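Understanding the architecture of this molecule
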Amino acid sequence: MNWDDARVFLAVCRESTLRGAARVLGVDQATVGRRITALEKSLSATLFLRTSDGYALTAVGEAALKSVEKMEHSALELERQIQGLDDRLTGTVRVSTTDSLAIDFLIPAIARLHEQHPDVLVQLDASTQILNLAKREADIAVRNTRPDNPDLIARRIARWPVGLFASQAYIDANGMPQPDTAFEGHDLVVYQPYLQSQKDLTLVSEPLSRGRIVASLSSSLLVRRSIAAGLGVGEIPVYMGERDGLVRLWPQRTRPQPYEVWLVTHADLRHTARVRAVIEQIVEVFASENE
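All of these numbers come straight from a predicted model, not from anything done at the bench.

To continue, consider the overall build of the protein. When its secondary structure is counted, the protein shows ten helices and 14 strands. For a compact globule of 291 residues, the expected C-alpha radius of gyration is about 19 Å, and the protein comes in at 24 Å, more than 25% above that figure. Looking at the 291 residues of the protein, the share that counts as buried comes to 44%. Sequence-distant contacts in the protein: of pairs separated by 6 or more residues, those separated by 24 or more amount to 75%. Surface summary for the protein: the accessible area is close to 15300 Å², and the carbon and sulfur share equals 49%. For the protein, the separation between the mean place of its 33 positive charges and that of its 37 negative charges on side chains is 3 Å.

Checked against the element boundaries, Thr145 lands in the loop between strand S5 (140-143) and strand S6 (152-160). Thr145 sits in the partly exposed class, given a relative accessible area of 39%. For the pair formed by Thr145 and Trp262, sequence separation is 117 residues and the distance between their alpha carbons is 6.6 Å. Leaving out residues up to four positions away in the same chain, Thr145 has contacts with Ile130 and Trp262.

Now for the sheet that holds strand S12 (residues 234-237). Taking strand neighbours across the sheet as the criterion, the three strands line up as S12-S7-S13 in an open arrangement whose pairing is antiparallel. Each edge of the open sheet is held by one strand with a lone partner, namely S12 and strand S13 (247-249). In this sheet, adjacent strand axes meet at a mean angle of 55 degrees when their direction is disregarded. Alignment of strand S7 (residues 162-166) against S13, held across three bridges, turns out to be antiparallel. When the bridges of S13 are listed, Leu164 appears paired with Leu249. In the packing of helix H8 (residues 220-228) onto the sheet, the strands contacted are S7 and S12, and the crossing angle to S12 comes to about 125 degrees.

For the rest of this paragraph, the subject is the nonpolar core. If you look at the biggest cluster of nonpolar residues, it comprises 37 residues, and the most contacted ones within it are Leu101, Ile140, Trp160, Val261, Val278, Ile282 and Phe286. Among the elements that take part in this core, helix H10 (residues 273-289) stands out by supplying eight residues, more than any other. In this structure, Val278 is in contact with Val93, Val95, Leu113, Val120, Val122 and Ile140, ignoring residues within four places of it in sequence. In this structure, Leu18, Ala21, Ala22 and Ala64 belong to the second largest nonpolar core, which totals 20 residues.

Attention now moves to the sheet that holds strand S4 (residues 120-126). What the five strands build is an open sheet, ordered S4-S3-S5-S14-S6; its pairing is mixed. In the strand order of this sheet, the two ends are held by S4 and S6, each with one partner. Averaged over all adjacent pairs, the angle separating strand axes in this sheet is 20 degrees, with direction ignored. In this sheet, strand S14 (residues 259-266) lies alongside S5 in antiparallel orientation, the contact comprising four bridges.

Examined against the element boundaries, Ala158 turns out to sit in strand S6. Using a relative accessible area of 7% as the deciding quantity, one classes Ala158 as buried. Through-space distance from the C-alpha of Ala158 to that of Met71 is 37 Å; in sequence the pair is 87 residues apart.

Let's shift gears to helix H5 (residues 99-116). Given a rise of 1.5 Å per residue, 18 residues ought to cover 26 Å, and the 25 Å separating the end C-alpha atoms of H5 matches this to within 8%. At Phe105, H5 shows its largest kink, close to 40 degrees, and the proline Pro108 lies no more than four residues downstream.

On to helix H3 (residues 29-43), then. When the terminal C-alpha atoms of H3 are compared, their 22 Å separation across 15 residues agrees well with the 21 Å that a helix rising 1.5 Å per residue should span. Along H3, the residues that are buried comprise Val32, Gly33, Ile36, Leu39 and Glu40. Summarising the axial view, the buried residues of H3 lie within an arc of 130 degrees, below the 170-degree limit, and thus occupy one face. Every exposed residue of H3 that faces more than 90 degrees away from the buried side is listed here: Arg34, Lys41 and Ser42. Along its buried surface, H3 packs onto helix H1 (3-15), helix H2 (18-25) and strand S1 (48-51). The N-capping residue of H3, defined by a side-chain oxygen 3.1 Å from the backbone nitrogen of Ala30, is Asp28. Immediately downstream of H3, the backbone of Ser44 shows phi near 55 degrees, a positive value.

Reading guide: rules and limits
- Residues numbered from 1 in each chain as written.
- Predicted model: local features only at pLDDT ≥ 70, side-chain atom pairs only at ≥ 80, totals over all residues.
- Heavy atoms only, no water.
- Helix = DSSP H or I, 4+ residues; strand = E, 2+ residues; numbered from the N terminus.
- Rg over C-alpha atoms; globule rule 2.2 N^0.38 Å.
- Buried < 20%, exposed > 50% of the residue type's maximum accessible area, 1.4 Å probe, protein only.
- Contact = heavy atoms within 4.5 Å.
- Areas by Shrake-Rupley, 256 points an atom, 1.4 Å probe, with all protein chains shown as cover.
- Lys, Arg positive; Asp, Glu negative; His and termini not counted.
- Charge placed at Lys NZ, Arg CZ, Asp CG, Glu CD.
- Pairing = 2+ DSSP bridges.
- Axes fitted to C-alpha atoms, helices over the stretch in contact; angles between N-to-C directions.
- Core = buried A, V, L, I, M, F, W, Y, C linked by side-chain atoms within 4.5 Å.
- Expected span 1.5 Å × (residues − 1).
- Bend = angle between axes of the 7 residues up to and from the residue.
- Arc of directions from axis to C-beta.
- Polar contact = N/O pair within 3.5 Å; in protein donor to acceptor, adjacent residues only side chain to side chain.

Keep in mind that these numbers describe shape and distance, not what the molecule does.
Now the structure itself:
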């Protein structure tokens, strides 16, 4: 099995449909179907069962998957090592981050990079999904959790307290919430993943039991915009609230866990010239914004 066939096989394994695999590979569905049929013929084995729900691995396919994943690991390792020796300030660097950090920091960093190195293209992916750097889904990640993969190099570039904020329009209409009242009589906006993962919900350690959650948002940028629009009271990093001109409530209180920002890249890529240039600009923008 060659690596091109292995990539098609892996895509079908992970997506379970020809359409999904075609989207991942950037080819048409018919091409994926032909490649899988040809692969099974060359191996004289049935790798997939065609079901109404999609493609399911046979026992032979499951055995093949283990070997193909080893091929993938070796191919990606070779690619990273070669790129790690590249000293040209040209080419594409893929960066993954959140929407708030992209707007406040990454876009200014890209603008500065473009002035100095116009031949470096930054492909920016802003979402709550954490991409896999070991599988080359991104070259650099700027995220709020530190990875535990020993092959990744992580550097903390920001650490902010998290406070309670509202818009002036909301306060004029509803008044200030009082501590130790569990937000009685007040509307609240909450980060959706937090709402799903916590049993005892709080904002800056204040229970939400008497408040009314009027919006749950999937990203920090949406939380910021909802607070600014006067939807309700919400919890965001202090730098975000101050940057957006919001009113900080109960300034003596912060969330027990601060908001940390980590810059992450793979050890094999950290010396690649274009990757290093992007990292330098990101670090400088964060440093200048936090002076």
